[in-house]
Amino acid sequence: MGEVDPAFIQEPEHRPKISYMEGKGVPLIDLSPILSSNNVSAIEFEGLVKEVGDACKEWGFFQVINHGVPSEKREKIDGASRKFFAQSLEEKRKVRRNEKKVTGYYDTEHTKNVRDWKEVFDFAVEGPSIVPASHEPDDREVIELNNQWPEYPPELRETCQDYGQEMVKLAYKLLELIALSLDLPADRFHGFFKDQTSFIRLNHYPPCPTPELALGVGRHKDAGALTILAQDDVGGLEVKQKTDGEWVRVKPTPDAYIINVGDIIQVWSNDTYESVEHRVIVNSERERAYNWGEFISNRSQSNFQKQKVENLQISDFKISE
Ligand SMILES: O=C(O)CCC(=O)C(=O)O
Ligand SMILES: [Fe+2]
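Parameters at a glance
Residues numbered from 1 in each chain as written. Chains lettered and ligands numbered in written order. Predicted model: local features only at pLDDT ≥ 70, side-chain atom pairs only at ≥ 80, totals over all residues. Heavy atoms only, no water. Helix = DSSP H or I, 4+ residues; strand = E, 2+ residues; numbered from the N terminus. Buried < 20%, exposed > 50% of the residue type's maximum accessible area, 1.4 Å probe, protein only. Contact = heavy atoms within 4.5 Å. Areas by Shrake-Rupley, 256 points an atom, 1.4 Å probe, with all protein chains shown as cover. Donors = N, O, S within 2.8 Å, 3.2 Å for Na, K, Ca; no water. Expected span 1.5 Å × (residues − 1). Salt bridge = Lys/Arg side-chain N within 4 Å of Asp/Glu carboxyl O.

J.: Residues and numbers for the overall build of the protein, please.
T.: A tally of helices and strands in the protein yields six helices and 16 strands. When the 321 residues of the protein are sorted by exposure, 49% land in the buried category. Relative to all contacts within the protein whose residues are 6 or more apart in sequence, the contacts with residues 24 or more apart total 77%. By element, 48% of the accessible surface of the protein is carried by carbon and sulfur atoms, the whole surface being about 15900 Å².

J.: Break down the coordination of the iron ion (ligand 2) for me, with residues and values.
T.: Binding of the iron ion (ligand 2) to the protein goes through His220 (NE2), Asp222 (OD) and His278 (NE2), at separations of 2.1 to 2.2 Å. One chain supplies every donor to the iron ion (ligand 2), and in sequence these donors are spaced H-x1-D-x55-H. Judged on exposure class, the residue His220 and its partner Asp222 are both buried.

J.: Mind laying out helix 5 (residues 156–181), listing which residues take part and the relevant values?
T.: With 26 residues, helix 5 extends 37 Å between its outermost C-alpha atoms, agreeing within 8% with the 38 Å of an ideal straight helix rising 1.5 Å per residue. In the stretch just after helix 5, Asp183 is the one whose phi turns positive, near 65°.

J.: Would you mind going over the side chain of Gln10 in detail, with residue names and values included?
T.: In this structure, Gln10 sits in the segment before strand 1 (28–30). Gln10 has contacts with Arg15, Val114, Leu213, Ala214, Leu215 and Gly218, leaving out every residue within four places of it along the chain.

J.: Any details on the pattern of salt bridges? Residues and values, ideally.
T.: Scanning all chains against the criterion turns up 22 salt bridges. The partner of Asp54 in a salt bridge is Lys50, with the nearest N and O atoms 2.7 Å apart. Here the residue Asp54 and the residue Lys50 both occupy positions in helix 2 (residues 42–58), the gap between them amounting to four residues, near one helical turn. A salt bridge links Arg96 to Asp107, with the nearest nitrogen and oxygen atoms 3.8 Å apart. Taken as a pair, Arg96 in the loop between helix 4 (89–92) and strand 3 (104–106) and Asp107 in the loop between strand 3 and strand 4 (110–111) lie far apart in primary sequence, eleven residues in all. Classification of Arg96 as partly exposed rests on a relative accessible area of 28%. Residues joined in a network through salt bridges with shared partners are Arg97, Glu109, Asp116, Lys118, Asp122 and Arg201.

Given below as structure tokens:
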């Protein structure tokens, strides 16, 4: 990724601003009440549920601290991920994603037809598993998700699998809080994840010679249920503020996770919580590497039915009571 290929250049209206606002920022929520369940008061717990609900409604995004994920595990996956990405392109492409193998390394992802200034490594948390080949309701074809693991670094596989389990635990806790905030029973969404497919993506954003023209990830909404993101101290994630449509940068908070509601929660909450647009800006000096987890449900196994309408919109899907 040396010279700037026109494929990376954003249309002027989508280019990042040089000066930016950090604003009030997305809410920071302390999850310690659900870690120490012995002595938490009902008021404290209700306060937490309300904070989560307000954040989902006002921002679609929030950060959590005291989430229970051991920091050594996060440091381990961060270290292994950096070692993997530091290799030559030739080495990394040995585990390249292709039509048959849907996980692994990839460096030519496009968002809204513009190439992203990034490289990624994806793995499925519960793999191998069988998933539908497409979202078409009549398509009976299935594909098997077998993770591809590189030879180097040798610890990557175990580190990723172990970390994946931590992400699943955290995702369930968050889903409970979200269900409660919608006045639903805490385990209301759990059944939808029986045949779930969770992916974790390791992202690497190399320094970019023209950060004013390109984006690490172009504007988009996340298609899954919930995204849990670990951001390093370089930062770069921008969220579209619901009140005025301005892009607000999410300030890196040590050891925190950034959580956002994806399209599936928008549907399950009957649009009470919206899946909000976000993007990633890059910079010319420092590379940025961190990991990203998405907790996604297997649509064909849930009550998620496609409706027969043209120009399908998210509002065409509703949860049945
Ligand atoms: O790297 C980030 O900050 C966010 C990445 C992201 O939004 C995505 O891959 O969907
Ligand atoms: Fe995203």
